[in-house]
Amino acid sequence: MLASISLSGTLGILALTTTLQLNGQPLTVPARISLAQLVDRLGYTGKRIAVECNGEIVPRSRYGETTLADGDQLEIVVAVGGG
C-alpha cells in the first residue's frame, strides 16, 4: 500500500507495507518492521528458532536492530524436541 505525501513542494511516496519471502511464501508486513517484531507477530517469541535473512544467519542478539526491507528472503526454522 502506498500513500502520497508532500515534502517541501515535491511529491514523495511513503510505503506503508513491505513484502517479504518467508519460507518461500510471500508475506506482507508493516514497513520498517524489525526482525524481533516479526518473530513476535508470528508467535515465535521464547521459542527455539533459527533465522536466516538473505542467506545469512541472524544472531538472536541482532533481531531488534535488524530492519526488514521489501524483497528480503527469510527462512525461519523451529527446533522441535522429542525422541
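Residues numbered from 1 in each chain as written. Predicted model: local features only at pLDDT ≥ 70, side-chain atom pairs only at ≥ 80, totals over all residues. Heavy atoms only, no water.

## Section: the sheet that holds strand β3 (residues 17-22)
Ordered in space as β4-β3-β7-β5-β6, the five strands form an open sheet in which the pairing is mixed. Only two strands of the sheet have a single partner each, and these edge strands are β4 (25-30) and β6 (56-57). With five bridges joining them, strand β5 (residues 49-53) and strand β7 (residues 73-78) adopt antiparallel strand pairing. By the bridge assignment, glutamate 52 is partnered in β7 with glutamate 75. (Pairing = 2+ DSSP bridges. Helix = DSSP H or I, 4+ residues; strand = E, 2+ residues; numbered from the N terminus.)

## Thoughts on the pairing of β7
Here β3 pairs with β7 via two bridges, running parallel. In the strand pairing of β7, leucine 22 is matched with leucine 74.

## What to know about the pattern of salt bridges
Tallied over the full model, the rule gives one salt bridge. Where glutamate 65 meets arginine 62, a salt bridge forms, and the shortest distance between an N and an O atom there is 3.2 Å. (Salt bridge = Lys/Arg side-chain N within 4 Å of Asp/Glu carboxyl O.)

## Here we look at the nonpolar core
Formed by 15 residues in total, the largest nonpolar core has its most connected members in Leu35, Leu38, Val51, Tyr63, Leu68 and Leu74. Counting only elements with at least two residues in this core, the list comes to β3, α1 (35-41), β5 and β7. Among all residues touching leucine 68, those that are not within four sequence positions of it are Leu20, Arg32, Ile33, Ser34, Leu35, Leu38, Cys53 and Leu74. (Core = buried A, V, L, I, M, F, W, Y, C linked by side-chain atoms within 4.5 Å. Buried < 20%, exposed > 50% of the residue type's maximum accessible area, 1.4 Å probe, protein only. Contact = heavy atoms within 4.5 Å.)

## With respect to the confidence of the model for the chain
Summing up the model confidence of the chain, the mean pLDDT is 88 and the portion of residues at 70 or higher is 82%. Within the model, pLDDT remains below 50 along residues 1-7, and this stretch shows 18 contacts once partners closer than five positions in the same chain are excluded. (pLDDT = per-residue confidence, 0-100.)

## Examining the environment of lysine 47
Topologically, lysine 47 is positioned in the loop between α1 and β5. On a C-alpha basis, the gap between lysine 47 and valine 78 in space is 7.4 Å, while along the polypeptide they are 31 residues apart.

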